[in-house]
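Chain and residue survey
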Amino acid sequence: MLYSRISNNLRDTSGPVVVFLHGLLGSGEDWQSSLEHLGDWPTITVDLPGHGLSALESCNSFRDCCDQISDALLTQIAPHRPIVLVGYSLGARIAMTGIAHNYFPSLNIQQLIVEGGHFGLQCSEEKQARLQNDRQWAERLSREPIAQVLNDWYQQPVFSSLKHEQRQELVAKRSANLGSSVAHMLVATSLAKQEFLLDLLKESGIAIHYICGEEDSKFGQLAKQSGLSFSQIAQAGHNVHIEQPEAFANVICTQIQTHLTP
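In what follows, the accompanying structure is described.

**A closer look at the pattern of salt bridges**
- Throughout the structure, instances matching the rule amount to 8 salt bridges.
- Measuring nitrogen to oxygen at the nearest pair gives 3.7 Å for the salt bridge that ties E29 to R5. Taken together, the residues span a long stretch of sequence, with E29 in the loop between β2 (17-21) and α1 (32-35) and R5 in strand β1 (residues 4-6) at a distance of 24 residues.
- The shortest N-O distance in the salt bridge between R143 and E139 comes to 2.3 Å. Taken together, the positions of R143 and E139, both in helix α4 (residues 124-143) and 4 residues apart, correspond to about one turn of that helix.
- The exposed category is assigned to R143, whose relative accessible area is 67%.
- Where salt bridges share partners, they join R5, E29 and D47 into one cluster.

**Comments concerning the pairing of strand β5 (residues 108-115)**
- Summarising burial for β5: 6 of the 8 residues are buried, a large majority.
- Note that the unit made of strand β4 (residues 82-88), helix α3 (residues 90-100) and β5 has a crossover that is right-handed.
- Of the strand pairs in this sheet, β5 and strand β6 (residues 207-213) are connected by 5 bridges, and their pairing is parallel. Residue pairing in the sheet places Q111 in a bridge with A207 of β6.

**Notes on the environment of D134**
- Positionally, D134 belongs in helix α4.
- The exposure class of D134 is buried, given its relative accessible area of 3%.
- Taking the C-alpha atoms as reference points, D134 and T189, separated by 55 residues in sequence, lie 9.8 Å from one another.
- Once residues within four sequence positions are removed from consideration, D134 is found in contact with L186, V187, S190 and L191.

**What about the sheet that holds strand β3 (residues 43-46)?**
- Strand order across the open sheet formed by 7 strands is β1-β3-β2-β4-β5-β6-β7, with mixed pairing between neighbours. Edge positions in the sheet fall to β1 and β7 (229-233), since each of these pairs with one other strand and no more. Geometrically, the sheet is characterised by an average inter-axis angle of 20° between neighbouring strands, direction not taken into account.
- Contacts between α3 and the sheet are confined to β2, β4 and β5, with β5 contributing the most and set at about 145° to the helix.

**Re α4**
- With 20 residues, α4 should cover 28 Å at 1.5 Å per step; its first-to-last C-alpha distance of 29 Å lies within 8% of that length.
- Listing the buried residues of α4 in full gives L131, D134, W137, A138 and L141. Along the long axis of α4, the arc covered by the buried residues comes to 130°, so they all point the same way. Away from its buried face, by an angle of more than 90 degrees, α4 presents the exposed residues E125, Q128, Q132 and R143.

**Some points on helix α6 (residues 164-174)**
- Every buried residue belonging to α6 is among R167, L170, V171 and R174, and all of these are buried. Down the axis of α6, the buried set is contained in an arc of 100°. They therefore lie on one face. More than 90 degrees from the buried face of α6, the exposed residues found are E169 and A172.
- On its buried side, α6 packs onto α5 (146-153).

**Some remarks on the side chain of R81**
- Within the secondary structure, R81 sits in the loop between α2 (62-74) and β4.
- One buried charged residue, R81, forms no salt bridge at all, with the nearest opposite charge on D12 at 8.5 Å.
- A distance of 2.7 Å separates a polar side-chain atom of R81 from the backbone oxygen of G15.
- Excluding residues that lie within four positions of it along the chain, R81 makes contacts with L10, T13, S14, G15, V17, P42 and N108.

**Here's the deal with the packing of α4 against helix α7 (residues 179-188)**
- Relative to each other, α4 and α7 sit at 165°, their axes nearing to 8 Å. Classified by the angle between their axes, α4 and α7 sit roughly antiparallel to one another. In this structure, α4 meets α7 at a crossing whose hand is left-handed. Note on element contacts: α7 touches α4 through G179, S180, V182, A183, L186 and V187, opposite D134, R135, W137, A138, L141 and S142.

**Describing the packing of aromatic side chains**
- Taken as a whole and judged by the stated rule, the model has 5 aromatic pairs.
- Relative to W153, the ring of W137 lies with its centre 5.0 Å away and its plane at 80°, an arrangement referred to as edge-to-face. Residue W137 is found in helix α4, and its partner W153 is found in helix α5; the two are separated by 16 residues along the sequence.
- Among the aromatic residues, those joined into a ring-pair cluster are F20, W31 and F248.

Conventions we followed
- Residues numbered from 1 in each chain as written.
- Predicted model: local features only at pLDDT ≥ 70, side-chain atom pairs only at ≥ 80, totals over all residues.
- Heavy atoms only, no water.
- Salt bridge = Lys/Arg side-chain N within 4 Å of Asp/Glu carboxyl O.
- Helix = DSSP H or I, 4+ residues; strand = E, 2+ residues; numbered from the N terminus.
- Buried < 20%, exposed > 50% of the residue type's maximum accessible area, 1.4 Å probe, protein only.
- Right-handed = clockwise from strand over helix to strand, strands pointing away.
- Pairing = 2+ DSSP bridges.
- Contact = heavy atoms within 4.5 Å.
- Axes fitted to C-alpha atoms, helices over the stretch in contact; angles between N-to-C directions.
- Expected span 1.5 Å × (residues − 1).
- Arc of directions from axis to C-beta.
- Lys, Arg positive; Asp, Glu negative; His and termini not counted.
- Polar contact = N/O pair within 3.5 Å; in protein donor to acceptor, adjacent residues only side chain to side chain.
- Parallel < 35°, antiparallel > 145°, perpendicular 65-115°, else oblique.
- Left-handed = near helix turned anticlockwise from the far one by under 90°.
- Phe/Tyr/Trp six-rings, centres within 6.5 Å; stacked < 30°, edge-to-face > 60°.

Written out as structure tokens, the structure is:
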């Protein structure tokens with residue numbers, strides 16, 4: 001069973017619950033700064049397979065991961081209770097896949113908020129290149145000291161907005177991960193194995209909002225081209241909820257108030 005953290009007020013109300021899915025190498029604790037600005041909305045943060053206190057859990061596919069998330073949430077909340085699902089990067093791709101393919105049939109998901117999530121590759125050559133790249137990272141994570149791998153990981157272009165001190169903090173924090181567990185998850189949920197989800201998401205009937213940082217040009221372009229409603233957060237790159245937690249939380253609150261409150 002995946003580990004999850006619930007807010008103290010979860011059972012004080014029957015209103016919407018905000019559920020958070022973190023990115024690769026992260027854990028539910030990554031959302032803490034944002035949770036402090038969410039007001040009274042009840043929350044659940046989930047540690048994905050291979051991460052945090054779910055480090056010894058594993059999954060073999062997107063569907064498998066979605067099933068495990070459903071099982072964890074249904075131990076905490078009633079099936080009919082409205083859910084706002086928030087995902088960052090890998091967590092966003094898992095959330096989008098679950099919505100697009102109805103992999104959360106027992107959950108009452110009313111809204112999806114995507115932070116820096118890729119809709120999927122459409123070119124077979126790009127998929128092959130991505131899978132090869134992910135397998136190379138996975139091989140390194142399985143065999144080398146994790147801090148050594150992470151020093152290189154955070155030099156990738158998607159993290160270009162990070163300052164040197166921020167990179168060092170992330171390396172130190174993420175070095176607590178079990179490299180082999182992260183490696184397994186990286187390959188199982190590779191972008192190369194994900195279908196292109198945008199059209200299915202638009203047909204899902206669920207309110208979707210995209211969040212990205214103004215300094216994240218790649219995902220800003222994806223957001224603009226998607227046709228979805230989106231917010232760009234100033235002075236933030238790929239990891240908005242870490243770099244600008246209050247602004248990130250404000251967007252979530254506004255979306256809930258717009259779509260889910262009378």
